[in-house]
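Each chain is listed here by its residues.
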Amino acid sequence: MPTAPFSTELPAPQPGPVAAARRAVADVRHLLWFRSVAVRRRHVAAVALGFFALLTTAVAVGPAYLDGAGELTAGAGSQAQEFLVVLPTLLAGLLVLAVVSSVSSGGGRELLSREHGLAYPVSPTTDHLGALLLSPLNIAWMLQAWTLLGIAAYTFGPQNLWAVQLVSVLWVVAATAIAQVVAWTVEAVRRRAHGILVVRGLMLGAGAFVVLLMLTGNVTAVLDNIPTTSVLIGMLAGQEGQWLKFAATAATLLAVALAAVVLGAVPAHLAAQRSPRDELRAESGVRPARRDVGSDLMALVRIDRGSIWRSVPMRRGLMVLAIGPGLVALAGGLEWSTMTILPGLVASGAALLFGVNVWCLDARGTLWRESLPARARTVFGARVLVLTEWLLVASGITLVLASLRAGLPAAHELAALLATWLVVTVQVVSASMRWSAKRPFSVDMRSARATPAPPVVMLGYSARLAVATTMTGLVFSGMARLPYWSLSIAVAIPFVAWSLGRLLFAQQAWSNPFERARVVMTVAA
Amino acid sequence: MIAPEIQPVIDVRGLHVRFGEVEAVAGVDLQAYAGQASALLGRNGAGKSTTMRVIAGVVPPSAGYVFVAGLDITRQTLGVKHAVGYCPDVGGLIPRATPWEHLQLAARLRRMNDWEDRARDLLERFELGDVAHRVTAGFSHGMSRRLSVILAAFHEPFVLLLDEPFDGVDPIGVEATFDVIADARARGACVLVSTHLRELAIEACNTVLVLRGGERVATVTAGDMAGEEGARAYRALLD
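Here the structure is a predicted model, which is why all the values come from computation and not from measurement.

## As for the sheet that holds strand 10 (residues 215-221) of chain B
Residues and elements named next belong to chain B.
Thinking step 1. If you trace the six strands from one edge of the open sheet to the other, you get 6-7-8-3-9-10, paired in mixed fashion. Two strands bound the open sheet, and with one partner strand each, they are strand 6 (84-87) and strand 10. The sheet shows a mean angle of 15° between the axes of neighbouring strands, taken without regard to direction.
Thinking step 2. Examined bridge by bridge, strand 7 (residues 159-163) and strand 8 (residues 190-194) share five bridges and lie parallel to one another. Bridging across to strand 8, Leu161 finds its partner in Leu192.

Rendered as structure tokens:
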């Protein structure tokens, strides 16, 4: 029986680039359908998507009809004029955020996980397009996009609002596509020999550049000259009815977006041809034996800590989450009273790395772990401990960075900040443990692109965490402005008691063998 | 004089396990004895793994009577877990922990002293000594299975539960697993092996229980299941 083509046989014709691109688009459609049928509560997902669409429309239109909206010629110092000045920075900020998000997740999220897609001919182009489509399912990206749309609406007012927002939307699309190109390129470099070193060097260089700008007082000068000003000019042209200028900006943005979408496939293919060194290194490295610990709790904590800190997506995500907002706060010279917003933001992000599906740390090993003679409350306590320390480390790094230029705090400012830190940490731990038991998912967190839950679920979790912790941060920001340190402590007590109470309910649910078996069987599936 | 009745180490009567609408186990009766190795055979979805999970204390029974080593599984789950060594059918390993760390955790929770020599011996017997300090995420399927058998047998349990221990395992691993089963029987432990591989099951065990549609349909000696005749009998029991 012949097992290889005869020497005179022609090789099977390979599809051309256009046919391959068409096939990739068709595959994305199939994968989207596959993901959509796997959604458990379809009606809830449909309502949530409708709500997000409604909210986006409200944010893009509503501010244009507020008092003072579009008053760009009504004398100096109007709010609209102030927004006009910060818009180029905001546009650039969205690009930076999209780049950081895609780079840290190793090329963006997957429509089909590596493990599940292994047996199927899913091309890197399909993977690239899928990652691009999933980019908006990220609360940080969404908040930035909403902020841009809202500020653009307020700045330019109702006149030709559609034209202004068309430019905004085209910028959002172009920035996201450019970020994807950068992410795949970085991933392709990271997977080369010494690539990890090169990428870390580049990151350090970028960080050093930002610090240098701050130390030399050149931040404002650089922000005044960023190229996104031309996008702002296009928005202005749209508002004033200078259609030629507006059309040129819109066409350029559209061309850039399309070019980036097409171009992104090239580094995506390059990355796919190389092995993920970070992940392979994590899996093949030797971990020397350590001494025995003195209690069951600490033995469980040690294993859980290893599961977290040896995971590439978690480690990388923590660095981005902790250092990113810290550097922004450092650059912006954040005051102690407004710093209360940071712990909630960072703790929410850190929980989204694994906390919202906390039992997934054991993956298929959860069956064996459950067969060990450990008390349910000890297992629960260990997981709460490692999650708490994870959140505290992430938000702690951010706070240290943010405080570097803030001087010495007053007692009431420090009390408000520490109270917020404690309250949001307990809030996030409590929510994470409840959600983890209520909706467990079987996830393999090996890949840098893995998330602990499906993208739509992650979006819901991130929105709920962001709302709760931001509101808490705002409450304590108000406390920080009042000269009574004891007030923050008094306000923190009911917050902490409420969250601890809910955490205790979650622990009781975990102690129920039927509930525990449901979680274990799902995670190990 | 009436001879005293031998008490089963695993005593399952009228076991039902339901997951929502699905009844995974529908009235299984099963007895297994000290110093004996019993094989659980049956098609996919027959309820073998779920029965094993109940006996291991991982899944609570929806109805029925389950006693393991004289302990009621619903009331003395922790005691049962001390008596049992369980190799699950899927994975069974924490992906970012090393084999040594798995053994260290098991030793701690099972209150084992001077466990290191036995751990090293088992790892060598299953040819995993050179990967003892690498995380298991990079392990092949066969390596994972072998480590799962080690973890189940490590503390020399009174009840050894092996779910699909031969799946994807090379001949050396299969022989090492046979040795583990023989050692357990020799020290008086009760062994229950769930597998699809009839030939290996009858080689390792002395009794065979066949499950179909969540119920036990036969209990025969391993000899009855051997050879062509046994294959035909087994095939008939599955239909």
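## A few points about the sheet that holds strand 5 (residues 71-72) of chain B
Residue and element names in this part refer to chain B.
Thinking step 1. Spatial strand order, 2-1-4-5: four strands in an open sheet with antiparallel pairing. Here the strands that pair on one side only, and so sit at the sheet edges, are strand 2 (22-32) and strand 5.
Thinking step 2. The pairing of strand 1 (residues 10-19) with strand 4 (residues 63-68) spans five bridges and is antiparallel. Bridge pairing in strand 4 links Ile10 to Val68.

## Comments concerning the packing of helix 20 (residues 455-480) of chain A against helix 21 (residues 485-511) of chain A
Residues and elements named next belong to chain A.
Thinking step 1. Where helix 20 contacts helix 21, the two axes come as close as 9 Å, and the packing angle between them is 160°. Taken together, helix 20 and helix 21 sit at an angle that is classed as roughly antiparallel. As helix 20 packs across helix 21, the resulting crossing turns out to be right-handed. Between helix 20 and helix 21, the contacting residues are Thr472, Val475, Phe476 and Met479 on the first element and Leu487, Ser488, Val491, Ala492 and Phe495 on the second.
Thinking step 2. Here the residues of the contact of helix 20 with helix 21 sort into seven nonpolar, two polar and no charged.

## Digging into the confidence of the model for chain B
Thinking step 1. Overall, the predicted model of chain B reaches an average pLDDT of 89, with 98% of residues at or above 70.
Thinking step 2. Scored by ipTM, the complex comes to 0.92, with pTM at 0.86.

## Points about the nonpolar core
Thinking step 1. Grouped together as the largest cluster of nonpolar side chains are 108 residues, with contacts concentrated most on A:Trp359, A:Trp390, A:Leu391, A:Met433 and B:Phe154.
Thinking step 2. Counting residues per element, this core draws most heavily on helix 18 (residues 376-403) of chain A, which supplies ten residues.
Thinking step 3. Those residues in contact with A:Met433 that sit more than four places away from it in its chain are A:Val358, A:Trp359, A:Phe380, A:Arg383, A:Val384, A:Leu387, A:Leu503 and A:Ala506.
Thinking step 4. With 42 residues, the next largest nonpolar core counts A:Ala69, A:Leu91, A:Val103 and A:Tyr154 among its residues.

## Examining the interface of chain B and chain A
Thinking step 1. Across the contact, 40 residues belong to chain B and 46 residues belong to chain A.
Thinking step 2. Together chain B and chain A conceal approximately 3,700 Å² of surface at their shared face, both sides included; 62% is due to carbon and sulfur atoms.
Thinking step 3. Of all residues in chain B, B:Ile94, B:Arg96 and B:Leu109 bury the most surface against chain A, accounting for 20% of the area lost on that side.
Thinking step 4. For the pair chain B and chain A, the interface holds four salt bridges.
Thinking step 5. Among the ionic pairs, B:Arg111 bridges to A:Asp296, the shortest N-O distance being 2.8 Å.
Thinking step 6. If you look at where chain B meets chain A, you find 13 residue pairs in polar contact (both at pLDDT 80 or more).
Thinking step 7. Looking at which element gives the most residues to the side of chain B that touches chain A, the answer is helix 3 (residues 99-109) of chain B, with eight residues.
Thinking step 8. Residue classes in the side of chain B that touches chain A are distributed as 22 nonpolar, eight polar and ten charged.

## Digging into the pairing of strand 2 of chain B
Residue and element names in this part refer to chain B.
Thinking step 1. Sheet topology places strand 1 next to strand 2; eight bridges connect them, and they run antiparallel. Its bridge partner being in strand 2, Arg18 is matched across the sheet by Glu23.
Thinking step 2. Hairpin connection from strand 1 to strand 2: two residues lie between these consecutive antiparallel strands, with Gly20 at a positive phi of about 65°.

## Notes on helix 1 (residues 48-56) of chain B
Residues and elements named next belong to chain B.
Thinking step 1. By the criterion of burial, helix 1 is predominantly enclosed, with nine of the nine residues buried.
Thinking step 2. Within the span of helix 1, buried status applies to Lys48, Ser49, Thr50, Thr51, Met52, Arg53, Val54, Ile55 and Ala56.
Thinking step 3. Positive phi appears at Gly57, one or two residues downstream of helix 1, with a value of about 85°.

## Some words on the domain arrangement of chain A
Residues and elements named next belong to chain A.
Thinking step 1. Once the domains are mapped, chain A shows domain 1 (69-113 + 121-278) and domain 2 (296-523).
Thinking step 2. Computed from C-alpha atoms alone, the centre-to-centre distance between domain 1 and domain 2 is 28 Å.
Thinking step 3. With 21 residues of domain 1 at the interface, the matching set in domain 2 holds 17 residues.
Thinking step 4. When domain 1 packs against domain 2, close to 1,600 Å² is buried across both sides, 65% of that on carbon and sulfur atoms.
Thinking step 5. Ranking the residues of domain 1 by area buried against domain 2 places Leu137, Ile139 and Met214 at the top, with a combined share of 32%.
Thinking step 6. A salt bridge links Arg449 to Asp127, with the shortest nitrogen-to-oxygen separation between them at 2.6 Å.
Thinking step 7. Remark: the boundary between domain 1 and domain 2 carries two residue pairs in polar contact (both at pLDDT 80 or more).
Thinking step 8. Mapped onto the side of domain 1 that touches domain 2, the elements with two or more residues apiece are helix 3 (79-104), helix 5 (124-134), helix 6 (139-156) and helix 7 (161-190).

So, how was this worked out
Residues numbered from 1 in each chain as written. Chains lettered and ligands numbered in written order. Predicted model: local features only at pLDDT ≥ 70, side-chain atom pairs only at ≥ 80, totals over all residues. Heavy atoms only, no water. Pairing = 2+ DSSP bridges. Helix = DSSP H or I, 4+ residues; strand = E, 2+ residues; numbered from the N terminus. Axes fitted to C-alpha atoms, helices over the stretch in contact; angles between N-to-C directions. Parallel < 35°, antiparallel > 145°, perpendicular 65-115°, else oblique. Left-handed = near helix turned anticlockwise from the far one by under 90°. Contact = heavy atoms within 4.5 Å. Nonpolar A, V, L, I, M, F, W, Y, C, P; charged D, E, K, R; others polar. pLDDT = per-residue confidence, 0-100. Core = buried A, V, L, I, M, F, W, Y, C linked by side-chain atoms within 4.5 Å. Buried < 20%, exposed > 50% of the residue type's maximum accessible area, 1.4 Å probe, protein only. Buried area = accessible area lost by both parts, 1.4 Å probe. Salt bridge = Lys/Arg side-chain N within 4 Å of Asp/Glu carboxyl O. Polar contact = N/O pair within 3.5 Å; in protein donor to acceptor, adjacent residues only side chain to side chain. Domains from an automatic or database assignment.

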